[in-house]
Amino acid sequence: MDKLEQLYEGKAKKVFKTEDPDVLIVDYKDDATAFNGEKKGTIVGKGVINNKMSNYVMSLLEKEGVPTHLVKELSDRETAVKKVEIVPLEVIIRNVSAGSFAKKLGIEEGRKLLCPTLEFSYKDDALGDPFINSYYALALGLATKEEIDLITKYAFQVNDVLIKYFLGIGIELIDFKIEFGRYHGQIILADEISPDTCRLWDVTTHEKLDKDRFRRDLGNVEDAYQEVFHRLGIK
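The following paragraphs examine the structure supplied in this document. Residue numbers here run from 1 along each chain, matching the order of that chain's written sequence. Local features in a predicted model are, by the rule used here, given only for residues with pLDDT of at least 70; side-chain atom pairs are given and counted only at 80 or more, and totals for whole chains, interfaces and linings are based on all residues. Side-chain measures were taken over the full set of non-hydrogen atoms in the model, leaving aside hydrogen atoms and water.

Concerning the pattern of salt bridges
Okay, step 1: Basic side-chain nitrogens of Lys or Arg form a salt bridge, by our definition, when they fall within 4 Å of a carboxyl oxygen of Asp or Glu. Inspection of the entire model under this criterion finds 27 salt bridges.
Okay, step 2: Linking Lys 29 and Glu 9 is a salt bridge whose minimum nitrogen-to-oxygen distance equals 2.9 Å. Highlighted residues: Lys 29 in the loop between β3 (23–28) and β4 (31–34) and Glu 9 in strand β1 (residues 6–9), separated in sequence by 20 residues.
Okay, step 3: On the basis of relative accessible area, Lys 29 is assigned to the buried category, the value being 11%.
Okay, step 4: Only protein chains enter the accessibility calculation, which uses a 1.4 Å probe. A residue is then buried if its area is under 20% of the maximum for its type, exposed if over 50%, and partly exposed in between. Look at Glu 9 and you get partly exposed, because its relative accessible area is 43%.
Okay, step 5: Arg 231 is the partner of Asp 202 in a salt bridge, and the nearest nitrogen-oxygen pair spans 2.7 Å. With a gap of 29 residues between them, Asp 202 in strand β14 (residues 198–202) and Arg 231 in helix α6 (residues 221–232) connect regions that are remote in the sequence.
Okay, step 6: For Asp 202, a relative accessible area of 10% translates into the label buried. Under the scheme used here, helices are H or I runs from DSSP no shorter than 4 residues and strands are E runs no shorter than 2 residues, and both carry numbers assigned from the N terminus.

Okay, here's the thing in structure tokens:
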């Protein structure tokens, strides 16, 4: 499968057409951004880790009944994926207070929530991906009620699977952001699942093993990504 015309370059990935109109190739970059692109840098090896981790996790989720865009890993940085129409909603699940949730609500970081929360953000970089609810999404025609219900169901299912999996390798899943797309009328999981899009803390030390090390200038960013990769046992 060959890369043809480049369709898109985002903060973390490039996307290319292929000879199959239903399949794209995603090429993961080492570029890192935070705060809606205000902070920029490079995390050496990040593209390889995010590509391989995303594919590994999506394979796990497929086995648990969550449909994904994964077609085939092509190389360390490249993966063939189903061409979807992205639903313009960022879907965020939180298990522990951290980040904007802690800041916005004045709740100490690290406090375990009584149950997982779900929130939507409107995917729009220019607006800073503002928080919205399902009523906004319906009113703006971003998704149908059936799609929102299915996205909600899949998001909590992803959470259940990943909490259990990460605990098995000594990592606590604090929160994560996922995206969904439409593929021939079906809602499927798209984008990526990686230390860029998840907050992952060591169960014992609570050391941050994710992009917060870059956001907050905590140092050892590459080491944290490599540690997650090592614990996953991906070849």
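Re the packing of aromatic side chains
Okay, step 1: Stacked, tilted and edge-to-face pairs are distinguished by plane angle, under 30 degrees for stacked and over 60 for edge-to-face with tilted covering the rest, among Phe, Tyr and Trp rings (Trp via its six-membered ring) whose centres lie within 6.5 Å. Tallied over the entire structure, the rule returns 3 aromatic pairs.
Okay, step 2: With a centroid separation of 5.9 Å and an interplanar angle of 70 degrees, the aromatic rings of Tyr 165 and Phe 166 are classed as edge-to-face.
Okay, step 3: Classification of Phe 166 as buried rests on a relative accessible area of 0%.
Okay, step 4: Following the ring pairs from residue to residue traces out a cluster consisting of Tyr 56, Tyr 165 and Phe 166.
Okay, step 5: Counted as over-ring charges are cases with an Arg CZ or a Lys NZ within 6 Å of the ring centre that also lie within 35 degrees of the ring normal. Lying across the ring of Phe 16, Lys 3 places its NZ or CZ 4.5 Å from the centre.
Okay, step 6: Sitting over the ring of Trp 201, Lys 208 keeps its end group 4.8 Å from the ring centre.

Some details on a nonpolar patch on the surface
Okay, step 1: A grouping of Tyr 135, Tyr 136 and Leu 140 is seen on the molecular surface, where their side chains present a nonpolar patch of about 400 Å² in accessible area.
Okay, step 2: For Leu 140, the location among the structural elements is in the loop between α3 (134–139) and α4 (145–167). A patch is a set of surface residues, each over 30% in relative accessible area and not in a salt bridge, joined within 9 Å for like charges and within 5 Å for the nonpolar side chains Val, Leu, Ile, Met, Phe, Trp and Tyr. Only the protein chains shown count as cover for residues, and all accessible areas are computed by the Shrake-Rupley method using a 1.4 Å probe.

Some words on the pairing of strand β12 (residues 171–183)
Okay, step 1: Burial runs high along β12: 12 of the 13 residues are buried.
Okay, step 2: Here strand β9 (residues 89–96) pairs with β12 via 4 bridges, running antiparallel. Bridge assignment links Arg 94 to a residue of β12, and that residue is Asp 175.
Okay, step 3: As paired elements, β12 and β14 share 5 bridges and run antiparallel to each other. Among the inter-strand pairings, Glu 172 is bridged to a residue of β14, identified as Trp 201.
Okay, step 4: The rule for pairing is simple: two strands pair if DSSP sees at least two bridges between them. As defined by bridge partners, β12 adjoins strand β13 (residues 186–190) across 5 bridges and the pair is classed as antiparallel. Across the sheet, the residue bridging to Glu 179 is Ala 190, located in β13.
Okay, step 5: Counting the residues that bridge the hairpin from β12 to β13 gives 2 residues, and of these His 184 lies at a positive phi of roughly 50 degrees.

Regarding the sheet that holds strand β7 (residues 78–82)
Strands pair in a sheet through their backbones, by hydrogen bonds, and they do so in one of two ways: parallel or antiparallel.
Okay, step 1: Strand order in the open sheet formed by 5 strands is β1-β2-β3-β7-β6, and the pairing between neighbours is antiparallel. A strand with exactly one partner marks an edge of an open sheet, and here the two such strands are β1 and β6 (70–73). Taking each pair of neighbouring strands and ignoring which way they run, the sheet shows an average axis angle of 25 degrees.
Okay, step 2: Here β1 pairs with strand β2 (residues 13–17) via 3 bridges, running antiparallel. Note on β2: the bridge partner recorded for Tyr 8 is Val 15.
Okay, step 3: Sitting on the sheet, helix α1 (residues 46–63) touches β3, β6 and β7, and the angle it makes with β6 is about 130 degrees. The angle between two axes is taken between their N-to-C directions and runs from 0 to 180 degrees, where each axis is a line fitted to C-alpha atoms and a helix contributes only its stretch in contact. Note on contacts: a residue pair qualifies if any of its non-hydrogen atoms lie within 4.5 Å across the two residues.

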